[in-house]
Amino acid sequence: MSKMQLKATALTQQVMKEYYANCRESQARGRKVAWATVMMPTELLLAADIDVLFPENHAATCGAKALGPELSELAEAAGLSQETCSYVRCDLGVRKGGTSPWGGMPAPDIVFCATSSCTTVTKWFEELERFYACRFAMVDMPYNFSGAITDHSVDYIVAQLEDCIFQIEALTGKPYDYARLEEVVELAETAHEYWRKCLELGATNPSPITTTDILVNMGPIVCLRGTQAAVDVYKTLYEELLERIRIGYVAAGEERFRLVWDNIPFWFGLGSTVRRLSAYGAVIVGATYLYHWVRSVDPKDPLRSMGRAYSTAITMNQSVLHKIEKISNMLKLYQADGLIIHSNRSCKPDSLGSLDLKRAVETNLNIPVLMVDGDHTDSRAVSDAVVQTRMEAFIEMLERRKFGELRLAPKLV
Ligand code: SF4
């Protein structure tokens, strides 16, 4: 069957292009601009007609355009350690005059950060506040060990979200529109639901979509949840996946080995990773990272539901045991033959417990695990030759386990 293009991808490209163009002109159109972390409940801001940009998303785009080394070097020359997350280094590199694929981001009137992903973001956003002399709001999301969040913790988050609303009112000079918040949360919930259903359809064996195609369509769930545009993209994608399953379309053409990827991908090397693996019929059918955007918010109880959703969606805010359970369930759902763990030098919080995860998956599920050292944005921290060698050895092992012999000769790609 010939390769089918996804209409959803064209729609994603269109809505993201419009989003960036609109944001670039926000202040000229008299709108306020916020910069936020991806784990901040930005529905609050959209409901106040504030345009929201995400430095992490900007940095990931810099990574995808292979700008990581250039921008990191500028940030390191300005004093940041190479141990600092490369998203932060990319952001500072652009502010030091480095290239931005978007031509930079408009200066923020306010910066918002939530701590559920890491503590690096607090220092990063405090520095942004000083750099732009703008307002600053932070939501401290309590760490939860069990995966379930207590009412006491939700109360604590809600009180901080209410403080954010005061800040928003002070910025816009208008009383907060709670009815509009309900509408935005309703749209966010619809987008989250379609996103979740798309990921679950991706688990079909054989899969109607590869993880790379889902990553390419991630922009709207990160930047535009709470808008009709995000709903349209994921409704379109969902319907296309149903149709692909109905006609028996297999996205990778061949699935000798179904793999799941843990941690943020190498943004600069998505294509080469796929090519390396596909030479052996190995396909990444699922990625834990995508599940950070599987959340549920309730329009009738927006603040409490956002508190719950945003503090539990991300595994970095929960115990290693919870992460192991979540990923083990995912490996079963995806009928995975193997797990690749990216030990990410930049995102240490997401790499914490990787060895425990490896051991648990190998022992409890009898699923082979490959660990590769790398970085999501700074390609200087990734050795292509080492990744290639490890992947080859891993595939050889999968071959022998699944087929009892080596059927494909390893080949360099
Ligand atoms: S360390 Fe990880 S969670 Fe923190 S900003 Fe970097 S990529 Fe995001």
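Bear in mind that the values here come from a model prediction, so they are computed numbers and not experimental data.

Draft legend 1. Main features of the sheet that holds strand β6 (residues 282-287). Sheet architecture is open: four strands sit in the order β6-β5-β7-β8, paired in parallel fashion. This sheet does not close on itself; its edge strands, each paired only once, are β6 and β8 (369-374). Neighbour-to-neighbour, the strand axes of this sheet turn through a mean angle of 30 degrees, independent of strand direction.

Draft legend 2. Examining the pairing of strand β1 (residues 33-36) more closely. Across the two faces of β1 the burial is the same, with V33 and W35 and A34 and A36 all buried. For β1 and strand β2 (residues 51-53), the ladder comprises three bridges, and the chain directions are parallel. Counted as the bridge partner of V33 is D51 from β2. Sheet analysis places β1 next to strand β3 (residues 110-114), joined by three bridges and oriented parallel. Bridge pairing in β3 places A36 opposite F112.

Draft legend 3. Representation of the nonpolar core within the structure. If you look at the biggest cluster of nonpolar residues, it comprises 118 residues, and the most contacted ones within it are A34, F112, A191, Y234, L259 and V260. With ten residues, helix α8 (residues 178-202) is the largest single contributor of residues to this core.

Draft legend 4. Representation of the site of the ligand. What surrounds the ligand is the set E56, C85, Y87, S117, C118, T120, V121, S346, C347, P349 and D350. Sorting the residues of the shell around the ligand by element identifies α6 (120-132) and α15 (348-351) as the ones contributing at least two each. The class makeup of the residues in the shell around the ligand is six nonpolar, three polar and two charged.

Draft legend 5. Representation of helix α5 (residues 86-95). In terms of burial, α5 is a largely internal element, nine of the ten residues being buried. Among the residues of α5, S86, Y87, V88, R89, C90, D91, L92, G93 and V94 are the ones counted as buried. Among the structural elements, α3 (55-64), α4 (68-77) and α6 are those in contact with the buried residues of α5. Count one or two residues on from α5 and you reach G97, which has phi positive near 100 degrees.

Draft legend 6. Broad picture of the pairing of β3. Of all five residues in β3, five are buried; the element is thus mostly enclosed. By the alternation rule, side chains of β3 split into I110, F112 and A114 and V111 and C113, which are all buried.

Draft legend 7. Inspection of the sheet that holds β3 at higher detail. On the basis of which strands lie adjacent, the open sheet formed by four strands has the order β2-β1-β3-β4 and parallel pairing. Bordering the open sheet on either side are β2 and β4 (135-139), each of which pairs with just one other strand. Across the sheet, the axes of successive neighbouring strands diverge by a mean angle of 25 degrees, strand direction being ignored. Two strands pair when backbone bridges link them, and β3 and β4 are joined in this way by five bridges, in the parallel orientation. Each bridged residue has a counterpart across the sheet, and for V111 the counterpart in β4 is F136. Across the sheet, α6 lies against β1, β3 and β4, angled at about 175 degrees from β3, the strand it touches most.

Draft legend 8. Region of the structure containing the packing of helix α14 (residues 320-333) against helix α16 (residues 354-365). Two numbers describe how α14 lies on α16: the axes approach to 10 Å, and their chain directions differ by 45 degrees. Compared by their axis directions, α14 and α16 come out oblique. You can see that α14 and α16 cross each other, and the crossing is right-handed. Side by side, α14 and α16 meet where V320, K323, I324, I327, S328 and L331 of the first sit next to D356, L357, A360, V361, N364 and L365 of the second. Class assignment for the residues of the contact of α14 with α16 results in eight nonpolar, two polar and two charged.

Draft legend 9. Spatial organisation of the environment of I340. Positionally, I340 belongs in strand β7 (residues 338-344). For the pair I340 and V260, spaced 80 residues apart in sequence, the C-alpha to C-alpha distance is 6.2 Å. Aside from chain neighbours lying at most four places away, what touches I340 is L259, W261, D262, L370 and V372.

Draft legend 10. Spotlight on the packing of α4 against α5. Between α4 and α5, the least distance of the axes is 7 Å, while the angle of their chain directions is 80 degrees. Taken together, the axis directions place α4 and α5 in an arrangement best described as roughly perpendicular. Two secondary-structure elements touch here, α4 through G68, E70, L71, S72, L74, A75 and E76 and α5 through S86, R89, C90, L92, G93 and V94. Partitioned by chemical class, the residues of the contact of α4 with α5 number six nonpolar, four polar and three charged.

Reading the values: rules and limits
- Residues numbered from 1 in each chain as written.
- Predicted model: local features only at pLDDT ≥ 70, side-chain atom pairs only at ≥ 80, totals over all residues.
- Pairing = 2+ DSSP bridges.
- Helix = DSSP H or I, 4+ residues; strand = E, 2+ residues; numbered from the N terminus.
- Axes fitted to C-alpha atoms, helices over the stretch in contact; angles between N-to-C directions.
- Buried ≥ 20, exposed ≤ 12 C-beta atoms within 10 Å, placed from the backbone.
- Core = buried A, V, L, I, M, F, W, Y, C linked by C-beta atoms within 7 Å.
- Near = placed C-beta within 6 Å.
- Nonpolar A, V, L, I, M, F, W, Y, C, P; charged D, E, K, R; others polar.
- Contact = placed C-beta atoms within 7 Å.
- Parallel < 35°, antiparallel > 145°, perpendicular 65-115°, else oblique.
- Left-handed = near helix turned anticlockwise from the far one by under 90°.

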